[in-house]
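Commentary on secondary and tertiary structure
Listed below are the residues making up each chain.
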Amino acid sequence: MSEAAIQTYTRADEAFDCLQTAIVKGDLVPGEKIGEVELCSRFNLTRGPLREALGRLESRGLLVRRPHAGVKVVSVSAEELMELYRIREIMEGLAARQAAERMTDEEIADLHATLDSHEKMIEQAQGQAYYQAEGDYDFHHRIATGSRNTKLAQMLLGDLYYMVRMYRYRLSTSSGRPHMALGEHRRIAEAIAQRDGELAEFLMKRHINAARRNIENKIQNGTLTI
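Residues numbered from 1 in each chain as written. Predicted model: local features only at pLDDT ≥ 70, side-chain atom pairs only at ≥ 80, totals over all residues. Heavy atoms only, no water.

**What about the pairing of strand β2 (residues 63-66)?**
Looking at chain direction, β2 and strand β3 (residues 70-73) are connected through four bridges and run antiparallel. Considered in β3, the bridge of Val64 is made with Lys72. Counting the residues in the hairpin turn of β2 and β3 gives three residues, including His68, whose phi is positive at 65°. (Pairing = 2+ DSSP bridges. Helix = DSSP H or I, 4+ residues; strand = E, 2+ residues; numbered from the N terminus.)

The structure is reproduced here in structure tokens:
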């Protein structure tokens, strides 16, 4: 992080990052009702920054506020989650095709470097998790921005992006899945590097389809509760 970024990083930013990570990693589970007093105690936060962070999380669609019911972590039904993944399959497939056509050589090199950092993270987690921070640290985020398709990127990186991240991490903790997902990412990146848009689209769609089938299997055998 640059010196300027550090200087402008506020307590509200810290609270926001802390709570968003907790939601993505499942420390705050979908549907969980949350209160300010509990959050302050649990995450060592103060009221002012916490309230600002809660507003930002609500605007991202990660929290929902209901009259007389308080604030809860967003949740979706199994059917809604399947639909989200079907939408991702089509949209991210197109993004991968266009990224192969439009990403610069430097951006592709950065994409490979990102995956190298992911491999180290997976090794540190002993192959048990594949957590990607948001933005340029996220493989799917890089593909969406690299597509140079503004409307497509807006759709992929809006509420859909933040909601899907919640479930991507939970699914990445499946036995063997982190290394498998990384391998799929590397094959997509290689297709992009070869400027093979058709192959990149095919591999991305297959990658997300595999994730969706993984969800369905987990729901059916009771190892994933939505």
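Resuming the write-up.
**A few points about the UniProt feature "domain: HTH gntR-type" (unreviewed entry) in the protein**
UniProt's entry tags residues 9-76 with the feature "domain: HTH gntR-type" (unreviewed entry), counted in the numbering of this structure. Within the segment residues 9-76, helix and strand shares are 51% and 15% respectively, and the terminal C-alpha atoms sit 32 Å apart. (UniProt positions renumbered as here; feature names shortened; annotations may be inferred.)

**Section: the sheet that holds β3**
Strand order in this open sheet of three strands is β1-β3-β2, and the pairing throughout is antiparallel. Only two strands of the sheet have a single partner each, and these edge strands are β1 (33-34) and β2.

**Section: the pattern of salt bridges**
Considering all chains together, one arrives at 17 salt bridges under this definition. Arg42 is the salt-bridge partner of Glu38, the closest N and O atoms lying 3.8 Å from each other. Here the residue Glu38 and the residue Arg42 both occupy positions in helix α3 (residues 36-43), the gap between them amounting to four residues, near one helical turn. The exposure class assigned to Glu38 is partly exposed, which follows from its relative accessible area of 41%. Salt-bridge contacts for Arg177 lead to Glu184; the nearest nitrogen and oxygen are separated by 3.1 Å. Classification of Glu184 as buried rests on a relative accessible area of 13%. (Salt bridge = Lys/Arg side-chain N within 4 Å of Asp/Glu carboxyl O. Buried < 20%, exposed > 50% of the residue type's maximum accessible area, 1.4 Å probe, protein only.)

**Brief notes about the environment of Glu36**
Structurally, Glu36 can be placed in helix α3. Judged by its relative accessible area of 25%, Glu36 is partly exposed. For the pair Glu36 and Leu54, spaced 18 residues apart in the sequence, the C-alpha separation amounts to 9.2 Å. Every residue in contact with Glu36, bar those within four places of it in the chain, is listed here: Arg47, Leu50, Arg51 and Leu54. A polar side-chain atom of Glu36 sits 2.9 Å from a polar atom in the side chain of Arg51. (Contact = heavy atoms within 4.5 Å. Polar contact = N/O pair within 3.5 Å; in protein donor to acceptor, adjacent residues only side chain to side chain.)

**Focus: empty space enclosed by the protein**
If you walk through the whole model with that rule in mind, you get two cavities of 30 Å³ or more. Within this model, the second largest cavity holds a volume of roughly 80 Å³. Elements represented by at least two residues in the lining of the second largest cavity include exactly α5 (78-102), α7 (139-146) and α9 (159-172). Across the lining of the second largest cavity, the residue classes tally to six nonpolar, one polar and three charged. (1 Å grid on protein atoms, 1.4 Å probe; cavity = no way out; pocket = protein on both sides within 12 Å on 5 of 7 lines; lining within 4 Å. Points joined across faces, edges and corners; volume = space filled by probe spheres on them. Nonpolar A, V, L, I, M, F, W, Y, C, P; charged D, E, K, R; others polar.)

**Section: the packing of helix α10 (residues 177-193) against helix α11 (residues 197-220)**
Where α10 meets α11, the closest approach of the two axes is 8 Å, and the angle between their N-to-C directions is 165°. One finds that α10 runs roughly antiparallel with respect to α11. Crossing hand, α10 versus α11: left-handed. Residue-level inspection shows Arg177, Ala181, Glu184, His185, Arg187, Ile188, Ala191 and Ile192 of α10 in contact with α11, the latter providing Leu199, Ala200, Leu203, Met204, His207, Ala210, Ala211 and Asn214. When grouped by side-chain class, the residues that make up the contact of α10 with α11 number 10 nonpolar, three polar and three charged. (Axes fitted to C-alpha atoms, helices over the stretch in contact; angles between N-to-C directions. Parallel < 35°, antiparallel > 145°, perpendicular 65-115°, else oblique. Left-handed = near helix turned anticlockwise from the far one by under 90°.)

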